[in-house]
Amino acid sequence: MTEISKIWKNSLVKSTFVYVISTFINSGIAILLLPILTRYLDTEEYGILSMINATVSVLIPFTGMSASSALERKLADNQTYENKKYLFNCYVVVSAATMTVSLIVLKFSEFISGYSGIPYDLLWCVVILACFDVLINIALSVLQFNQHVKVYALYRNGETLFNLGLSIFLVVIAGLSLKGRVYAILISKSAASLVGICLTLKIIGIVPQIQKKYITDQVANYGIPMIPTALKGTILNYMDRLFITNMKSLSETGLYSVGNQFSLPVLFLAQAFNMAYVPWLYRKLAENKEEDKRKLVKFTYFYFLAIIIIALFWSVMIGFVLNYIVGGKYVESVSYIIWLSLGYAFTGMHMMVVNYIYFMKRIKIYNLVTITVIASNIILNYILIHKNGSIGAAQATLSVNVISFILTWILAGKIYKMPWFDFRN
């Protein structure tokens, strides 16, 4: 009991536990919607819903300009009054970027609607949702940075619960089908963004003063340079759906999206651990001790093995219960799960090595890896979907995530020397 108590008092263990539990409650609540959505929405409607979510993800780097990352870095300077001014200028940048993106989407609305499959009358939602997500992410980053772990969990899961209840009401009771789900997301995220702004102002405070140096800092040092990196994950998520929609059908996109939904817990686990791991890792790297480096390498290899085993176990387990969760017309989505779960396992492995690049602030050179990965994703999606059908998109996802992990690991090894292949002791 004494040893358990010591382990629990470790800040990394405690934070990881709370983030993991919070993340899985959040994803568990979302999965609770699947039995409902897969019975009240047909596969084409689910495909449209998936394309709306994917398009929002593509727009976030442009509407947000990496505001949360820029703010986190500013908070690390511990300048209370300047942080208040910086926060205000973050909101200014987000507002200006959202207006610009809105005009672009309006200008090319017919083109976007045609290729994405999103009905013209729902296209207006994507920019608004992207803005709401940015505001929510700013609040989450502030809570995480200031170690308000419990508030973080309550805030994140509260929004999801509200989303769940409202979706059930609008889709099932009000009978609004696809639009009911979209309206539920809009209302819940608008409420969450408002609460997030209030939480952020309470923790940091704000001074409404436009500062050119702060706007320049966010846009030039974070917003524009991080667009390729921020886009990589969303493009990897978007391209597969875009290719399936245009090379196959929206119905196939719906099936693929359900399979992806059941694979996401592997990614959520990796992300939750990374939230707690990064601050701890940075402190260890700053101390620059050889003994710590050896321990980090051993731990990283253990993590690699563990996340792959978890992905395989999850894929097998979910295959047995999928029939009881989703509607009959969605059963075929099981074929995607093992490919996508392993793909997310390699995303988790990528997170473990890319942290060294972020620690050394070598984001611009990392963009070369990002561009290579994005190009590989486009090529592999086209080739594999053409050859193997929709399952080719899942195969492309796994292949690209393996490539991303290997290239990032090689680059990280050159930027920050670690004893990756020193197997003595």
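Predicted, not measured: the structure shown is a model, and the values here were computed from it.

### Section: the layout of surface pockets
Put simply, the second largest pocket is a space of about 490 Å³. Surrounding the second largest pocket, 20 residues form its lining, Thr55, Val58, Leu59, Phe62 and Ile112 being those nearest its centre. The set of elements that each furnish at least two residues to the lining of the second largest pocket consists of helix 4 (43-64), helix 6 (80-107), helix 7 (109-116) and helix 12 (227-247). Taken together, the residues that form the lining of the second largest pocket break down as 17 nonpolar, 3 polar and no charged.

### Quick look at the packing of aromatic side chains
The description of two aromatic rings rests on the distance between their centres and on the angle between their planes. One pass over the structure, following the stated rule, counts 21 aromatic pairs. Here the aromatic rings of Tyr301 and Trp409 are separated by 6.1 Å at their centres, their planes lie at 70 degrees, and the arrangement is edge-to-face. Taken together, the residues span a long stretch of sequence, with Tyr301 in helix 14 (residues 290-325) and Trp409 in helix 17 (residues 391-415) at a distance of 108 residues. For Tyr301, a relative accessible area of 25% translates into the label partly exposed. Look at Tyr356 and Tyr416: their rings are 5.9 Å apart centre to centre, the planes differ by 35 degrees, and that puts the pair in the tilted class. Within this pair, whereas Tyr356 is found in helix 15 (residues 334-359), its partner Tyr416 is found in the segment after helix 17, the two being separated by 60 residues in sequence. Residue classification places Tyr356 among the buried positions, given a relative accessible area of 1%. A relative accessible area of 7% means that Tyr416 is categorised as buried. Each residue in the set Tyr301, Phe304, Phe346, Tyr356, Phe359, Phe405, Trp409, Tyr416, Trp420 and Phe421 is aromatic and connected to the rest through ring pairs, giving one cluster.

### Section: the packing of helix 15 against helix 17
Axis separation between helix 15 and helix 17 bottoms out at 8 Å; the angle between their running directions is 15 degrees. As judged from the angle between their axes, helix 15 and helix 17 are roughly parallel. For the crossing formed where helix 15 meets helix 17, the hand is left-handed. For the contact of helix 15 with helix 17, the class distribution of residues is 20 nonpolar, 9 polar and no charged.

Conventions and cut-offs
- Residues numbered from 1 in each chain as written.
- Predicted model: local features only at pLDDT ≥ 70, side-chain atom pairs only at ≥ 80, totals over all residues.
- Heavy atoms only, no water.
- 1 Å grid on protein atoms, 1.4 Å probe; cavity = no way out; pocket = protein on both sides within 12 Å on 5 of 7 lines; lining within 4 Å.
- Points joined across faces, edges and corners; volume = space filled by probe spheres on them.
- Helix = DSSP H or I, 4+ residues; strand = E, 2+ residues; numbered from the N terminus.
- Nonpolar A, V, L, I, M, F, W, Y, C, P; charged D, E, K, R; others polar.
- Phe/Tyr/Trp six-rings, centres within 6.5 Å; stacked < 30°, edge-to-face > 60°.
- Buried < 20%, exposed > 50% of the residue type's maximum accessible area, 1.4 Å probe, protein only.
- Axes fitted to C-alpha atoms, helices over the stretch in contact; angles between N-to-C directions.
- Parallel < 35°, antiparallel > 145°, perpendicular 65-115°, else oblique.
- Left-handed = near helix turned anticlockwise from the far one by under 90°.

Shape is all these values report; function is a separate question.
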